[in-house]
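Here is what each chain is made of, one letter per residue.
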Amino acid sequence: MSLACGMECVMMIACSRWIWKRCTYIGSYDSKSWPYATPDEFSPIPRMSRLILAVYEDDLNNPHYLPPHHSINPDWLIKRVTYSQTLGHAPPYIIYLDHHNKELVVAIRGLNLVKESDYKLLLDNKLGMQMFDGGYVHHGLLRSAIWLLNEEGDLLRKLWLETGKEYDLVFAGHSLGSGVAALATVVVANHRDELGGIPRSKIKCYALAPARSMSLNLAVKYADIIHSVILQDDFLPRTSTPLEYIFESIFCLPCLLFWVCVRDTFIPEGRKLRDPRRLYAPGRMYHIVERKFCRCGRFPPEVRTAIPVEGRFEHIVLSCNATSDHGIIWIEREAEKALKLMTESSNETATTPPQTQKFKRSETFEDEHIDALRKAVSLNIPHAVSSTEDELRQDKDTSEKVAAHSQEAGSFHDEEKGASETKSKHSGKTNWDEAVQKLFRKSESGEVVLKQDIEAPAPQ
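Because the structure is a prediction, the values reported are computed rather than measured.

Reading the values: the criteria
- Within each chain, residue numbers correspond to sequence positions counted from 1 in written order.
- Predicted model: local features are reported for residues with pLDDT of at least 70 only, side-chain atom pairs are reported and counted for 80 or more only, and whole-chain, interface and lining totals are derived from all residues.
- Side-chain figures throughout are based on the complete set of non-hydrogen atoms in the structure, without hydrogens or water.
- Strands are runs of DSSP state E lasting at least 2 residues, helices are runs of H or I lasting at least 4, and numbering of each runs from the N terminus.
- A 1.4 Å probe rolled over the protein chains alone gives each residue an accessible area, and that area as a share of the maximum for its type sets the label: buried under 20%, exposed over 50%, partly exposed in between.
- Working rule for contacts: check all heavy atoms of both residues, and any pair within 4.5 Å makes them a contact.
- To measure how exposed things are, a 1.4 Å probe is used in the Shrake-Rupley method; for residues, cover is taken only from the protein chains shown.
- Only buried residues count toward a nonpolar core, which is a set of Ala, Val, Leu, Ile, Met, Phe, Trp, Tyr and Cys residues joined through side-chain atoms within 4.5 Å.
- Picture the helix axis, draw a direction to every C-beta atom, and the arc is the one those directions span.
- Fitted lines through C-alpha atoms give the axes, limited to the stretch in contact for helices. The angle between two N-to-C directions lies from 0 to 180 degrees.
- Crossings are sorted by hand: turned counterclockwise from the far helix by less than a right angle, the near helix makes the crossing left-handed, and turned clockwise it makes it right-handed.
- Each residue gets one label: Ala, Val, Leu, Ile, Met, Phe, Trp, Tyr, Cys and Pro are nonpolar, Asp, Glu, Lys and Arg are charged, and the others, such as Gly, are polar.
- Counting rule applied: Lys, Arg positive; Asp, Glu negative; His and chain ends not counted.
- Salt bridge criterion: a side-chain nitrogen from Lys or Arg within 4 Å of a carboxyl oxygen from Asp or Glu.
- What makes two strands pair is DSSP finding at least two bridges between them.
- By convention a crossover is right-handed if, when the strands point away from the viewer, the path from the first strand over the helix to the second runs clockwise.
- Helix span, expected: 1.5 Å multiplied by one less than the number of residues in the helix.
- Centre distance within 6.5 Å is the pairing criterion for rings of Phe, Tyr and Trp, where only the six-membered ring of Trp is used; planes under 30 degrees apart are then read as stacked, over 60 as edge-to-face, and the remainder as tilted.
- Think of it as a cone above the ring: NZ of Lys or CZ of Arg counts as a charge over the ring if it is within 6 Å of the ring centre and within 35 degrees of the ring normal.

Details of the overall build of the protein chain
A count of helices and strands for the protein chain gives 17 helices and 14 strands. Residues classed as buried in the protein chain amount to 51% of the 460 residues present. Taking all contacts inside the protein chain whose residues are at least 6 apart in sequence as the whole, residues at least 24 apart take part in 72%. Summed over all atoms, the accessible surface of the protein chain reaches about 22,400 Å², with 55% contributed by carbon and sulfur.

Points about unusual backbone geometry
At Ala 209, a residue that is not glycine, the phi angle is positive and equals roughly 50°. Mapped onto the elements, Ala 209 comes out in the loop between β7 (203–208) and β8 (214–215). Classification of Ala 209 by relative accessible area gives buried; the value is 0%. Of note in this structure, Gln 232 is not a glycine but carries a positive phi near 40°. Structurally, Gln 232 is set in the loop between β9 (226–231) and α9 (243–248). Judged by its relative accessible area of 1%, Gln 232 is buried.

Looking at the nonpolar core
Grouped together as the largest cluster of nonpolar side chains are 50 residues, with contacts concentrated most on Phe 171 and Met 214. The element that contributes the greatest number of residues to this core is helix α6 (residues 139–162), accounting for 11 residues. Dropping the residues within four chain positions of it, Met 214 is found in contact with Tyr 136, Val 137, Ala 182, Leu 183, Val 186, Ala 219, Ile 226, Arg 278, Leu 279, Tyr 280 and Pro 282. Core analysis: the second largest hydrophobic core is formed by 32 residues, Val 170, Val 229, Ile 288 and Ile 331 among them.

Notes on helix α5 (residues 116–123)
All of the buried residues in α5 are Ser 117, Asp 118, Leu 121 and Leu 122. The buried residues of α5 occupy an angular sector of 145° when projected down its axis, which confines them to one face. Those residues of α5 that are exposed and angled more than 90 degrees off the buried face are Glu 116 and Lys 120.

A word on the packing of α6 against helix α7 (residues 176–190)
Helix-helix packing is described using two parameters, namely the angle between the two axes and the distance between the axes. Where α6 contacts α7, the two axes come as close as 8 Å, and the packing angle between them is 65°. The chirality of how α6 crosses α7 is right-handed. Here Leu 141, Leu 142, Ser 144, Ala 145, Leu 148 and Leu 149 of α6 come into contact with α7, specifically with Leu 176, Gly 179, Val 180, Leu 183, Ala 184, Val 187 and Val 188. Of the residues in the contact of α6 with α7, the class split is 11 nonpolar, 2 polar and no charged.

Overview of the side chain of Arg 109
As for its placement among the helices and strands, Arg 109 is situated in the loop between β3 (103–108) and α5. For the buried Arg 109, no salt bridge exists, and the shortest N-O distance to an oppositely charged side chain is 5.4 Å, to Asp 118. Excluding anything up to four places from it in sequence, Arg 109 contacts Ile 52, Val 55, Tyr 56, Tyr 83, Pro 91, Pro 92, His 174 and Gly 177.

Some details on the pairing of strand β12 (residues 302–306)
Two faces, one strand: in a regular strand the side chains alternate between the faces of the sheet. The buried fraction of β12 amounts to 4 of the 5 residues, a majority that puts the element mostly inside the structure. Bridge count for strand β11 (residues 284–289) against β12 is 5 bridges, and the pairing is antiparallel. When the bridges of β12 are listed, Ile 288 appears paired with Val 303.

A look at the pattern of salt bridges
One side chain can pair with another of opposite charge once the charged atoms of both are near each other. Taken as a whole, this structure holds 20 salt bridges when the rule is applied. Glu 302 is the partner of Arg 304 in a salt bridge, and the nearest nitrogen-oxygen pair spans 2.7 Å. Here Arg 304 falls in the buried class, since its relative accessible area comes to 10%. By relative accessible area, Glu 302 is classed as partly exposed at 28%. Residues joined by salt bridges that share partners form a network here, namely Asp 233, Glu 290, Arg 291 and Asp 325.

Observations concerning the pairing of strand β6 (residues 168–174)
Of all 7 residues in β6, 7 are buried; the element is thus mostly enclosed. Residues Asp 168, Val 170, Ala 172 and His 174 of β6 are buried on one face, and the alternating residues Leu 169, Phe 171 and Gly 173, pointing to the opposite face, are buried as well. As paired strands, β3 and β6 are joined by 6 bridges and run parallel to one another. Within β6, the position partnered with Ile 108 by the bridge is Gly 173. Inspection of the sheet shows β6 paired to β7 by 6 bridges, in the parallel sense. Its bridge partner being in β7, Ala 172 is matched across the sheet by Tyr 206. On the question of chirality, the crossover connecting β6 to the parallel β7 by way of α7 is right-handed.

Details of helix α3 (residues 44–55)
Its 12 residues give α3 an end-to-end C-alpha distance of 17 Å, which sits within 8% of 16 Å, the value for a rise of 1.5 Å per residue. Among the 12 residues that make up α3, 12 are buried, leaving the element largely enclosed by the rest of the structure. When α3 is considered as a whole, its buried residues turn out to be Pro 44, Ile 45, Pro 46, Arg 47, Met 48, Ser 49, Arg 50, Leu 51, Ile 52, Leu 53, Ala 54 and Val 55.

Brief notes about the packing of aromatic side chains
Between two aromatic rings, the relevant description is the distance of the centres plus the angle of the planes. Summed over the entire model, instances satisfying the criterion amount to 4 aromatic pairs. Residues Trp 76 and Tyr 96 carry aromatic rings whose centres are separated by 6.3 Å and whose planes lie at 55° to one another, so their mutual orientation is tilted. On the criterion of sequence distance, the pair formed by Trp 76 in the loop between α3 and β1 (77–81) and Tyr 96 in strand β2 (residues 93–98) is long-range, its members being 20 residues apart. The exposure class assigned to Trp 76 is partly exposed, which follows from its relative accessible area of 24%. Since its relative accessible area comes to 2%, Tyr 96 is described here as buried. The ring of Tyr 83 carries Lys 115 above its face, with NZ or CZ at 4.9 Å from the centroid. Geometry around Trp 330 places Arg 333 over its ring, the cationic atom sitting 5.2 Å from the centre.

As structure tokens, then:
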């Protein structure tokens, strides 16, 4: 009897301790050891947030969702695509040519809770269903990204060549759109020749409130060009539950989050890392932190950044703000506020010229990415490779050559000639489905597998 009572007391204490730890866990703990972001690297994020909000607008001259004094020029809007045009293949998006920042932007909106086509896109996936580029990705989001590139690839190539090969190609998306943007970025990075030979350094992606769309090895591999932005307690980047289950139970989301929290407690970290089918939020992470433990209200936001391999937002936060922090309007507001605070702080404490700071920070970015790749290999992450180090160095040389070539051209006529030569290499419209299939081939047993999986040695 006494033994049973003792065991019962131990279980009660253990359960109480677990409940206390889970209920007192706040989103800021996920990034407490990360360094702070700089104004230069974070400055595009509020701008991308506003461009995503612009997708929701019917008329940019009379906006309803954009904040006052926004910097979006309606005359620079190249194309707007709505649900009636996508036919359920992708969320609505815009193509915007930002001449001030020299960016060619494809901005994709987030999930529409009243659109059946968005749910079908999310439901088009099963665990381990889609392999791509040495890892696993969300099948429905990849098909949506390929559809978008099939529709707009030629236009993007034309615009990039007409702007003298100097503009960055930027994909930006929120929630559902973030997954499409991230995977479109991965496809383009693997087939840069289809867009006029654009250097890797000129391809960027900003995934706001990102969906888990790719396996860990890919999330780290593309951290140099994909940037994920998470506001405090946002639920979507933290839950490994497939997206289709999340949005099937959107009206009982707290119950689902609690169950996922309990389930993940009993899954060892090593087992999670060794599962190649497990999907993660992509790229480099920017975490906007604005609330503290046992404090009411919002504090001045601060932004932390890293390329984590372990502890990549693995803990569900049981918070009343888990869903509100997912909203694009709140992300835009807090990102803009954080940028202003960082800029003011930087102006007060700056001791070296900005150009020197930017150069050192860029070198740090490359080192951080290479270190993350090596760590992924050392942890035996499935399909993790460190070959991207050479790709980064080669791309740096390529981008320098492209810059030198554009300076020597000297006139629009030469650029137009270069565009026509590039077009002659492409007989007809680019088929991105065929381009993606080039990454696969049949093995000796007749199965369709990745070329990398055939050529790479088996992991130890």
